[in-house]
Amino acid sequence: MAVAIKVHDQPTKDLEEQTTKTLEIEEAFDYSKRSQWLRASVLGANDGLLSTAALMMGVGAVKKDNKTMILTEIAGLVAGACSMAIGEFVSVYSQYDTEMQQIKRESLHGNITKAELEVKKKKVPSPLKAATASTFMFAIGAVVPLLAAAFVMDSCEVDGCNRSIGGWLAMGITFGLTKLVGSGL
């Protein structure tokens, strides 16, 4: 939490008729702490959805069997979530190390007060939070294609492929027209 101090513009008079200004202390929420795990969550969900869907499509192009598709998706979910956990932890830990070294340097040179030191230490990213958020959201993102595969009996009959191509075409047209109209505004 950050603290903001506001000075009221309207001075008041005390009992001795002296003019005083009123100070109001207001606590403000520090949203930057959320960015540590929010970025990891968005990345995890996006990667979970896209990479596992692409994996399923690749396997589905060769083997049109639902059990194989579901097993592929589960393997992709587990492997991807583990990969996200390790990758995010290592990445954020290197940022953590760098920031902690900078704080130590500033502390040794006396360029920082104890209060500032504590504030900076609280803002250092948590590798464990980032890894947990990324892993959890990867799994959530990966479940979407898994549910799709679980409810589709024959992954690519001729009619099923036509419906899929029609869906992709509709999405592409919608994207293109929206982009065209949006650029004119």
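Within each chain, residue numbers correspond to sequence positions counted from 1 in written order. Owing to the predicted nature of the model, reporting of local features is limited to residues with pLDDT of at least 70; listing and counting of side-chain atom pairs is limited to 80 or more, with chain, interface and lining totals taken over all residues. Hydrogens and waters are ignored; side-chain quantities use all the structure's heavy atoms.

What follows deals with the packing of helix α2 (residues 66–108) against helix α3 (residues 114–123). Orientation is described by lines fitted to C-alpha atoms, with helices fitted over the stretch in contact, and by angles between N-to-C directions that extend from 0 to 180 degrees. A run of H or I in DSSP counts as a helix once it spans at least four residues, and a run of E counts as a strand once it spans at least two, with each numbered from the N terminus. At a minimum axis separation of 10 Å, α2 and α3 run at an interaxial angle of 175°. Compared by their axis directions, α2 and α3 come out roughly antiparallel. Between α2 and α3, the contacting residues are Glu99, Met100, Ile103, Glu106 and Ser107 on the first element and Leu117, Lys120, Lys121 and Lys123 on the second. The residue classification treats Ala, Val, Leu, Ile, Met, Phe, Trp, Tyr, Cys and Pro as nonpolar and Asp, Glu, Lys and Arg as charged. All others, Gly included, are polar. A class-by-class count of the residues in the contact of α2 with α3 yields three nonpolar, one polar and five charged. Angles are sorted into four bins: roughly parallel if under 35 degrees, roughly antiparallel if over 145, roughly perpendicular if 65 to 115, and oblique for all others. Only heavy atoms matter for contacts: two residues are in contact if any of them lie within 4.5 Å across the pair.

One can find Gly76 in helix α2. Look at Gly76 and you get buried, because its relative accessible area is 11%. Sequence separation of Gly76 and Gly48 is 28 residues, and the distance between their C-alpha atoms is 8.7 Å. The contacts of Gly76, once residues within four sequence positions are left out, are Thr52, Leu55, Ala81 and Phe138. Burial status follows relative accessibility: with a 1.4 Å probe on protein chains alone, a residue under 20% of its type maximum counts as buried, one over 50% as exposed, and anything between as partly exposed.

With that out of the way, let us pick up the side chain of Thr52. Checked against the element boundaries, Thr52 lands in helix α1 (residues 32–62). Those residues in contact with Thr52, other than ones at most four positions away along the chain, are Asp47, Glu73, Gly76, Leu77, Phe138, Ala142 and Pro145.

As a further point, take a nonpolar patch on the surface. What goes into a patch is any residue over 30% in relative accessible area without a salt bridge, connected to like charges within 9 Å or, for nonpolar side chains (Val, Leu, Ile, Met, Phe, Trp, Tyr), within 5 Å. To measure how exposed things are, a 1.4 Å probe is used in the Shrake-Rupley method; for residues, cover is taken only from the protein chains shown. For this analysis, a salt bridge means a side-chain nitrogen from Lys or Arg found within 4 Å of a carboxyl oxygen belonging to Asp or Glu. There is a patch of nonpolar side chains on the surface, built from Ile86, Phe89, Val90, Tyr93 and Leu128 and spanning about 500 Å² of accessible area. The element contributing the most residues to the nonpolar patch is α2, with four residues. Positionally, Phe89 belongs in helix α2. Under the relative-accessibility criterion, Phe89 is labelled partly exposed at 35%.

What follows is about the environment of Leu49. Inspection of the secondary structure puts Leu49 in helix α1. C-alpha of Leu49 to C-alpha of Phe138: the two residues are 89 residues apart in sequence and 7.3 Å apart in space. Residues within four places of Leu49 in sequence aside, it is in contact with Gly141, Ala142, Val144 and Pro145.

With that settled, the discussion passes to the packing of α2 against helix α4 (residues 127–151). Between α2 and α4, the least distance of the axes is 8 Å, while the angle of their chain directions is 165°. Considering the angle they form, α2 stands roughly antiparallel to α4. The hand of the α2/α4 crossing is right-handed. In the contact of α2 with α4, the residues fall into 22 nonpolar, five polar and two charged. Definitions for this section: a left-handed crossing has its near helix turned counterclockwise from the far helix by less than a right angle. A right-handed crossing has that turn clockwise.

Moving on, we get to the UniProt feature "transmembrane region" (unreviewed entry) in the protein. According to UniProt, the positions carrying the feature "transmembrane region" (unreviewed entry) are residues 74–96, 130–153 and 165–182. Between the end C-alpha atoms of residues 74–96 there is a gap of 32 Å, over a span that is 100% helix and 0% strand. UniProt positions are given in the numbering used here, feature names are shortened, and annotations may be inferred rather than shown by experiment.

Take the pattern of salt bridges next. Inspection of the entire model under this criterion finds two salt bridges. The salt bridge partner of Glu88 is Arg39, with a shortest N-O separation of 2.4 Å. Remark: Arg39 occurs in helix α1 and Glu88 occurs in helix α2; sequence separation between them is 49 residues. For Lys120, the salt bridge goes to Glu106, with nearest N and O atoms at 2.8 Å. Taken as a pair, Lys120 in helix α3 and Glu106 in helix α2 lie far apart in primary sequence, 14 residues in all. Under the relative-accessibility criterion, Glu106 is labelled buried at 17%.

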